[in-house]
Amino acid sequence: MKLTKTLLASTALTVAAGAVAAQDMANDMTLVSWGGAYQASQQKAYVEPYQEANPDVNVVWDESSAEAVAKLRAMNEAGNITWDLVDVVASDAIRLCDEGLAMEYDPDELLAEGDDGTAASDDFGDLIVSDCFIPQIVYSTTFGYRTDMVGDTPPTSVCAVFDTEAYPGKRALEKRPINNMEWALLCDGVAKDEVYDVLATPEGQDQALAKLDTIKDDVIWWSAGADTPQLLADGEIVMGSTYNGRLFSVIEEQDQPVAMLWDAQVFDLDGWIIPAGLSDERLARVKDFVKFATDTQRLADQAKYISYGPARASSAPLVGQHAELGIEMAPHMPTDPNNAQNTFLYNYEFWADYRDDIDAKFQSWLAQ
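Report on the accompanying structure. (Residues numbered from 1 in each chain as written. Predicted model: local features only at pLDDT ≥ 70, side-chain atom pairs only at ≥ 80, totals over all residues. Heavy atoms only, no water.)

Quick word on the overall build of the protein
Turning to step 1, where the next piece is worked out: Of regular secondary structure, the protein possesses 14 helices and 10 strands.
Turning to step 2, where the next piece is worked out: Dimensions of the protein, computed from C-alpha atoms along their principal axes, come out at roughly 90 × 45 × 35 Å.
Turning to step 3, where the next piece is worked out: Residue burial in the protein is summarised as follows: out of 368 residues, 51% are buried.
Turning to step 4, where the next piece is worked out: Carbon together with sulfur atoms contributes 48% to the accessible area of the protein, which is approximately 16200 Å² in total.
Turning to step 5, where the next piece is worked out: For the protein, the centre of its 24 positive side-chain charges and the centre of its 62 negative side-chain charges are spaced 4 Å apart. (Helix = DSSP H or I, 4+ residues; strand = E, 2+ residues; numbered from the N terminus. Buried < 20%, exposed > 50% of the residue type's maximum accessible area, 1.4 Å probe, protein only. Areas by Shrake-Rupley, 256 points an atom, 1.4 Å probe, with all protein chains shown as cover. Lys, Arg positive; Asp, Glu negative; His and termini not counted. Charge placed at Lys NZ, Arg CZ, Asp CG, Glu CD.)

Quick look at the packing of aromatic side chains
Turning to step 1, where the next piece is worked out: Within the structure shown, the criterion is met by 16 aromatic pairs.
Turning to step 2, where the next piece is worked out: Judged by centre distance (5.7 Å) and plane angle (85°), the rings of Tyr 139 and Tyr 243 are edge-to-face. Of this pair, Tyr 139 sits in strand β4 (residues 134-146) while Tyr 243 is found in strand β7 (residues 239-243), placing the two residues 104 residues apart along the sequence. One exposure class covers both Tyr 139 and Tyr 243, and it is buried.
Turning to step 3, where the next piece is worked out: Ring centres 4.7 Å apart and planes at 55° place the aromatic pair Phe 143 and Trp 183 in the tilted group. A residue pair is termed long-range when its members are at least 10 positions apart, and Phe 143 in strand β4 and Trp 183 in helix α7 (residues 180-186) qualify at 40 residues.
Turning to step 4, where the next piece is worked out: Overall, Phe 143 belongs to the buried group, its relative accessible area being 1%.
Turning to step 5, where the next piece is worked out: You can call Trp 183 buried: its relative accessible area is 3%. (Phe/Tyr/Trp six-rings, centres within 6.5 Å; stacked < 30°, edge-to-face > 60°.)

Observations regarding unusual backbone geometry
Turning to step 1, where the next piece is worked out: Despite not being glycine, Asp 255 shows a phi value in the positive range, around 55°.
Turning to step 2, where the next piece is worked out: Looking at where Asp 255 falls in the secondary structure, it is placed in the loop between α11 (244-253) and β8 (258-273).
Turning to step 3, where the next piece is worked out: Here Ala 264, not a glycine, exhibits a phi torsion of approximately 60°, which is positive.
Turning to step 4, where the next piece is worked out: On the basis of relative accessibility, which here comes to 3%, the residue Ala 264 falls in the buried class.

Quick look at the side chain of Asn 244
Turning to step 1, where the next piece is worked out: Among the structural elements, Asn 244 can be located in helix α11.
Turning to step 2, where the next piece is worked out: A distance of 2.7 Å separates a polar side-chain atom of Asn 244 from the backbone oxygen of Ser 307.
Turning to step 3, where the next piece is worked out: Apart from residues no more than four positions distant in its own chain, Asn 244 is found in contact with Tyr 139, Ser 140, Thr 142, Met 260, Trp 262, Ser 307, Tyr 308, His 332 and Pro 334. (Polar contact = N/O pair within 3.5 Å; in protein donor to acceptor, adjacent residues only side chain to side chain. Contact = heavy atoms within 4.5 Å.)

Brief notes about the layout of surface pockets
Turning to step 1, where the next piece is worked out: Computed from the structure, the largest pocket encloses a volume of approximately 490 Å³.
Turning to step 2, where the next piece is worked out: Lining of the largest pocket is provided by 25 residues; of these, Trp 34, Ser 65, Ala 66, Glu 67 and Arg 355 occupy positions nearest its centre.
Turning to step 3, where the next piece is worked out: Counting residues per element, the ones that place at least two in the lining of the largest pocket are α3 (68-78), α4 (90-98) and α14 (348-367).
Turning to step 4, where the next piece is worked out: Broken down by element, the lining of the largest pocket gets its largest block of residues, 4 residues, from α14.
Turning to step 5, where the next piece is worked out: Among the residues making up the lining of the largest pocket, the classes are represented as 8 nonpolar, 5 polar and 12 charged.
Turning to step 6, where the next piece is worked out: The volume enclosed by the second largest pocket comes to roughly 240 Å³.
Turning to step 7, where the next piece is worked out: Along its surface, the second largest pocket is lined by 15 residues, and Gly 309, Pro 310, Ala 316, Val 319 and Thr 335 are the ones closest to its centre.
Turning to step 8, where the next piece is worked out: Counting residues per element, the ones that place at least two in the lining of the second largest pocket are α6 (120-124) and β9 (309-310).
Turning to step 9, where the next piece is worked out: The residue inventory of the lining of the second largest pocket, partitioned by class, reads 10 nonpolar, 2 polar and 3 charged. (1 Å grid on protein atoms, 1.4 Å probe; cavity = no way out; pocket = protein on both sides within 12 Å on 5 of 7 lines; lining within 4 Å. Points joined across faces, edges and corners; volume = space filled by probe spheres on them. Nonpolar A, V, L, I, M, F, W, Y, C, P; charged D, E, K, R; others polar.)

With respect to a negative patch on the surface
Turning to step 1, where the next piece is worked out: A surface patch of negative charge is lined by Asp 106, Asp 108, Glu 109 and Asp 122.
Turning to step 2, where the next piece is worked out: Within the secondary structure layout, Asp 108 lies in helix α5 (residues 107-110).
Turning to step 3, where the next piece is worked out: Overall, the relative accessible area of 43% leaves Asp 108 in the partly exposed class. (Patch = residues over 30% accessible without salt bridge, like charges linked within 9 Å, V, L, I, M, F, W, Y side chains within 5 Å. Salt bridge = Lys/Arg side-chain N within 4 Å of Asp/Glu carboxyl O.)

Describing the packing of helix α9 (residues 202-213) against α14
Turning to step 1, where the next piece is worked out: Between α9 and α14, whose axes approach to 11 Å, the crossing angle comes to 35°. Here α9 runs over α14; the crossing is right-handed. On the side of α9, the interface is formed by Pro 202, Gln 205, Asp 206, Leu 209, Leu 212 and Asp 213, while α14 contributes Ile 358, Lys 361, Phe 362 and Trp 365.
Turning to step 2, where the next piece is worked out: Residue composition of the contact of α9 with α14, grouped by class: 6 nonpolar, 1 polar and 3 charged. (Axes fitted to C-alpha atoms, helices over the stretch in contact; angles between N-to-C directions. Left-handed = near helix turned anticlockwise from the far one by under 90°.)

Considerations on the environment of Pro 229
Turning to step 1, where the next piece is worked out: By the secondary structure assignment, Pro 229 is in helix α10 (residues 227-233).
Turning to step 2, where the next piece is worked out: What makes Pro 229 buried here is its relative accessible area of 9%.
Turning to step 3, where the next piece is worked out: Expressed as a C-alpha distance, the spacing of Pro 229 and Arg 246, which sit 17 residues apart in the sequence, is 6.6 Å.
Turning to step 4, where the next piece is worked out: Pro 229 has contacts with Thr 242, Arg 246 and Val 250, leaving out every residue within four places of it along the chain.

Some remarks on the pairing of strand β5 (residues 171-174)
Along any regular strand, the residues point their side chains to alternate faces of the sheet.
Turning to step 1, where the next piece is worked out: Burial along β5 is two-sided: the residues Arg 171 and Leu 173 and Ala 172 and Glu 174 are all buried.
Turning to step 2, where the next piece is worked out: As paired strands, β5 and β7 are joined by 2 bridges and run parallel to one another. Across the sheet, the residue bridging to Ala 172 is Gly 240, located in β7. (Pairing = 2+ DSSP bridges.)

So this is what it looks like as structure tokens:
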């Protein structure tokens, strides 16, 4: 009887502690992402099931991930952090971590272990490229082209982008140096394993810009990932770069006359950072959401809505069919062997170190 009372008392204390912990969590949460199909996949795979389990939580989206570094710097200066969780590419996570604007974390404390019992640190492995970066997906930036605008010889090489004689018409490139500088050097004869050594020099940067100069008059510059798919759908460009998930959408979901050019696709990582300086209540809510959103099943679930590979190893075998189209998603992943015959590996640390300087040089070139 005494033991029963002790157990009951212990259970009551545990329940009470849980109730206090729940009360200490903020109910409003601002998530920052990229908009479009990618953000929609996060909403369906993570936010909606989380809100179903936590109906009092109000989630607000901000589509400012492309400006995350600058905006978090400004928020930090003002002492007013309004974001709770931010989706960023790996190189931006490294910069934010180095500047103390993102929170460092212990993977095995913050993240759930894999469904197969694997520790989170092992399950995500080398994809945890920063002490602040919470990996989510593997994606690539690659090219799509109009099948009805390339004649009888569809492009097979990324260097077709620079061949305006064989493939006349406008191209779309992102309005930043990343990827464009690498492709330019590759197509100017620089060996793949030497690209970043060359790009680290002023002469190499000038070489890349000179190559881009050869098509500058034929380029439409994009800032949002949705721009290229729309330009392709409207027939305003013959080819253009964007994220592989955006191209999947325009090809498979919209059934447009567009095909993928996987050659020299640039592999990259995307994931979350938690801004430094959140209140205890907001941080508790964010940690609860992150543990939920990065478990094995949730990361596999995102692949039901977009063709990005889950970042943890235990999720890969669970990738199945598209939730609405019913097609198998594995062949549409950038990591599929048929798509990954010639990939280019993005150098996170290079761009964390050189981004600001090369950005300034690139923007000056654009303005000329």
